Amino acid sequence: MVYLTCLCPTEVNSVNCNTSWKITLFMDYKENQDDILKGGDVVRLFHAEQEKFLTGDDYKKRQHVFLRTTGRTSATAATCSKALWEIEVVHHDPCRGGAGHWNSLFRFKHLATGHYLAAEVDNDTAPDQMRSKLRGQNGLAVYNLVSVPHGHDIASIFELDPTTLTRGDSLVPQSSYVRLRHLCTNTWAHSTSIPIDKDEDKPIMCKVGCASIKEDKEAFAIVPVSALEVRDLDFANDSSKVLGSISEKLEKSSITQNERRFVSQLLRDVIFFVGAQVDTLEYEFAKPDRERQKLLREQNILKQIFKILQAPFKDTGGNGAMLKMEELGETRQAPFRHICRLCYRILKISQNDYRKNQEYIAKQFPFMQRQIGYDVLAEETITALLHNNRLDKHIAEAGILTFVSLVRKNKECRFLDYLADLCVSNHVAIPVTQELICKCMLDGKNNDILIETKLVRTQFEAEADFEVDDGDGDRDGDGDPQREPRYSYDEEFDVILSWDAGEKNKSLRDLALGSSENCKEDVKILDYYRYQQDLFSHMFLDRQYLAINILSPQLDIDLILRCMSDDELPFELRAAFTRLMLHMHVDRDPQEQATPVKYARLWSEIPTELSIDDYESNMSKDATKESVKIKFESTIHFVENFLADVSCHKNSLFVDNEQNKLTFGIVNLGRHLIYFGFYSFSDLVRLSRFWTVYQSRKRL
């Protein structure tokens, strides 16, 4: 016996002592060639005819081997970590590997589970054309591929048959096409259309059979797998096992302090593994690795994450739960709160731009909503999951009420932003969610969480001197005409905000002034008000009249236009009012998209000479549209003046990011006014000059 000690990367020394270690040659160095299939290689087996990967997975608590159907355009791109197989070249010495020859025996070890590919008699009576053909008239036995837990089972030995004429003692190329022959039963692997998961809506697991008849088309392509992908699978697999054991200890309330520290570090490692960022709890993160995101779901890490989030608060033994959600805010429970935050962070990163993970996590919405408001990042995760995603079937009224209660409790802008995100997906309204939010937010009992907007008119007396002529030219001896004061009454309008059920009031301009002077209370109120207006805009999107009919009397065209055009207000707030104008008053009935040019006309309708004014005079005018156009005259005038002002300021154009938001909102509003026919041809010609300058400056 020899004991080897590695002292440095380039030196190995041995000492003489009795140990239980034995050194055995695994592979000759001559056999270690990259293009040769050898023991220890990890590959995928791709069925060339069916264009499906040979996969092993659990279904109804039982391991199955199947050809996995994919909905992707390119079947070869539908890779899965559960389709990785490690090659074992069979020798008398179980520790020996080496290069594979065509006359060698092979085992295929499923890398994710450690099980081995094998075959057993298939007694399934499900009809299948290929199965009947291979069974033949003599009723030959038919087998199917299964997985067995141990490699010493003789049923796990296979031979590889080449698809081309090759010598039996030649080496097997790493990328080659082979047919699988099961040694023990002397049968050949073949595909079937029999679904294993036939109870599912869309079955994707097709059984793989074995029969005595050899079919040339039943060939598999051996696809090599990179070492990096194998290492990623090892990390994900090991992490899943550790997290599973931790969740069991949390359920039994038997976790130690060192184990808490260990699981916190492991969760951070998982975040680095997927997101590769510096701060594990930072809101922004780098674009996650899609293949590693997939590993989190396929290797059940996401499943274990949800178990960890549930376990401390579950009463399993009748002795009560180890923790209550309300206790997470206490200092002594900070480690558990940190673990929960890391778990939600993993969930948030794993669903980023990955539909399958989003659908998987969305199934846990009812549970996640119960953990909203406890500073564990549950609400941030839910909002990120629903952002630009049509997962509205998972949102119920109870979830909306939870967010509304958080708005009342914390008076924080972010919860209004979360509700706004729930209203839309990819800039398209979700009517069901809009209605739920509208009914909850605009309910009379929730008036105390909204800031009311009023346009208040104030009359004031103005004094002016006027000359008085008594008719005889008397100047009172000083040569000046007589003057006497006269009084007139003027009006001014001011936008007043009311909050806390009307107990507090302040003008919008005063709030803006206080915000510019960094008055904390004014900054908080103004930000809250801006987010509220953005929420309203999302509630009105795509003509949601349930919200429009309730709020349009309070926020009329005149009030919104005053706020849009008020230079004393912040640009972001003015942009929010611009969006309100668009979605509440412009994009609604009776406005319909107009066709400015009528392409199909009769020859008799076309005069010999035509100008823009003549064409407009011949167009029939809708009385309803003309009456609506009168209401928007001031708005149209403001849009033109704003664009004219923007085109004049050549040097400062697009320098201020906050002003750019307002500019974009005004341009978008003008575009919709054009679409709805509020501009005549002559108006469009005039407006196009500003538009051309705007576009040219934007490109510069």
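Residues numbered from 1 in each chain as written. Predicted model: local features only at pLDDT ≥ 70, side-chain atom pairs only at ≥ 80, totals over all residues. Heavy atoms only, no water.

The next subject is the overall build of the protein chain. Scanning the protein chain from terminus to terminus reveals 22 helices and 19 strands. Counting only residues that meet the buried cut, the protein chain has 44% of its 700 residues in that class. When contacts within the protein chain are restricted to residue pairs at least 6 apart in sequence, those whose partners lie at least 24 apart make up 70%. As displayed, the protein chain has an accessible area near 37700 Å², and 49% of this comes from carbon and sulfur atoms. (Helix = DSSP H or I, 4+ residues; strand = E, 2+ residues; numbered from the N terminus. Buried < 20%, exposed > 50% of the residue type's maximum accessible area, 1.4 Å probe, protein only. Contact = heavy atoms within 4.5 Å. Areas by Shrake-Rupley, 256 points an atom, 1.4 Å probe, with all protein chains shown as cover.)

If you walk through the whole model with that rule in mind, you get 10 aromatic pairs. Relative to Tyr 418, the ring of Phe 403 lies with its centre 6.0 Å away and its plane at 65°, an arrangement referred to as edge-to-face. Linking Phe 403 in helix 10 (residues 397-410) with Tyr 418 in helix 11 (residues 413-423), this pair joins segments that are 15 residues apart in sequence. Accessibility classification places Phe 403 together with Tyr 418 in one group, the buried group. (Phe/Tyr/Trp six-rings, centres within 6.5 Å; stacked < 30°, edge-to-face > 60°.)

Our next topic: the pattern of salt bridges. On inspection of all chains with the given rule, the structure shows 38 salt bridges. Of the charged contacts in the structure, one is a salt bridge between Asp 216 and Arg 179, with a shortest N-O distance of 3.8 Å. Taken together, the positions of Asp 216 in the loop between strand 13 (205-211) and strand 14 (220-224) and Arg 179 in strand 11 (residues 177-182) put the pair 37 residues apart, joining distant regions of the chain. Glu 658 is the partner of Lys 661 in a salt bridge, and the nearest nitrogen-oxygen pair spans 3.8 Å. Of this pair, Lys 661 and Glu 658 both sit in helix 21 (residues 657-675), separated by three residues, roughly a single helical turn. Among the charged side chains, a network of salt bridges with common partners joins Asp 527, Arg 530, Glu 572, Glu 658 and Lys 661. (Salt bridge = Lys/Arg side-chain N within 4 Å of Asp/Glu carboxyl O.)

Examined against the element boundaries, Arg 579 turns out to sit in helix 17 (residues 571-586). Taking the relative accessible area as the measure of exposure, Arg 579 reaches 31% and is therefore partly exposed. The contact partners of Arg 579, leaving out residues within four places of it in the chain, are Asp 534 and Ser 537. A polar contact of 2.7 Å, which involves the side chain of Arg 579, links it to the side chain of Asp 534. (Polar contact = N/O pair within 3.5 Å; in protein donor to acceptor, adjacent residues only side chain to side chain.)

Glancing now at the confidence of the model for the protein chain. Close inspection of predicted coordinates is inappropriate for parts of the model with low pLDDT. For the protein chain, mean pLDDT is 83; residues scoring 70 or higher make up 84% of the total. No element of the protein chain has a lower mean pLDDT than strand 1 (residues 3-8), at 45, and none a higher one than helix 5 (residues 301-310), at 95. Confidence over residues 1-10 falls short of pLDDT 50; this stretch has 22 contacts with residues more than four positions distant or in other chains. (pLDDT = per-residue confidence, 0-100.)

On to the side chain of His 47, then. Mapped onto the secondary structure, His 47 falls in strand 3 (residues 42-47). A polar atom in the side chain of His 47 sits 2.6 Å from the side chain of Glu 218. With near-sequence residues (within four places) excluded, His 47 lies in contact with Lys 52, Leu 67, Ser 191, Lys 217, Glu 218, Ala 219 and Phe 220.

In regular strands, side chains alternate between the two faces of the sheet. Burial runs high along strand 3: six of the six residues are buried. As paired strands, strand 3 and strand 6 (residues 85-89) are joined by two bridges and run antiparallel to one another. Its bridge partner lying in strand 6, Val 42 is registered against Glu 86. The hairpin turn running from strand 3 into strand 4 (residues 52-58), its antiparallel successor, is four residues long, and Glu 51 in that turn takes a positive phi close to 55°. (Pairing = 2+ DSSP bridges.)

Moving on, we come to the packing of helix 6 (residues 334-350) against helix 9 (residues 378-386). The geometry of helix 6 relative to helix 9 is characterised by a closest axis approach of 9 Å and an angle of 5° between their N-to-C directions. Judged by the angle between their axes, helix 6 and helix 9 are roughly parallel. Of the residues in helix 9, those in contact with Tyr 344, Leu 347 and Lys 348 of helix 6 are Ala 378, Glu 380, Thr 381 and Ala 384. Residue composition of the contact of helix 6 with helix 9, by class: four nonpolar, one polar and two charged. (Axes fitted to C-alpha atoms, helices over the stretch in contact; angles between N-to-C directions. Parallel < 35°, antiparallel > 145°, perpendicular 65-115°, else oblique. Nonpolar A, V, L, I, M, F, W, Y, C, P; charged D, E, K, R; others polar.)

The next subject is helix 13 (residues 508-516). Of all the positions in helix 13, only Leu 508, Leu 511, Ala 512, Gly 514 and Ser 515 are classed as buried. Taken end-on, helix 13 shows its buried residues confined to a sector of 165°, consistent with a single buried face. Downstream of helix 13 by a residue or two, Asn 518 has a phi angle that is positive, lying close to 65°. (Arc of directions from axis to C-beta.)

Before going further, it helps to spend a moment on the nonpolar core. Grouped together as the largest cluster of nonpolar side chains are 129 residues, with contacts concentrated most on Leu 419, Leu 508 and Phe 577. Element by element, the count of residues in this core is highest for helix 6, at nine residues. Setting aside anything within four residues of it in sequence, one finds Phe 577 in contact with Leu 508, Tyr 529, Gln 533, Leu 559, Ile 560, Cys 563 and Met 564. (Core = buried A, V, L, I, M, F, W, Y, C linked by side-chain atoms within 4.5 Å.)

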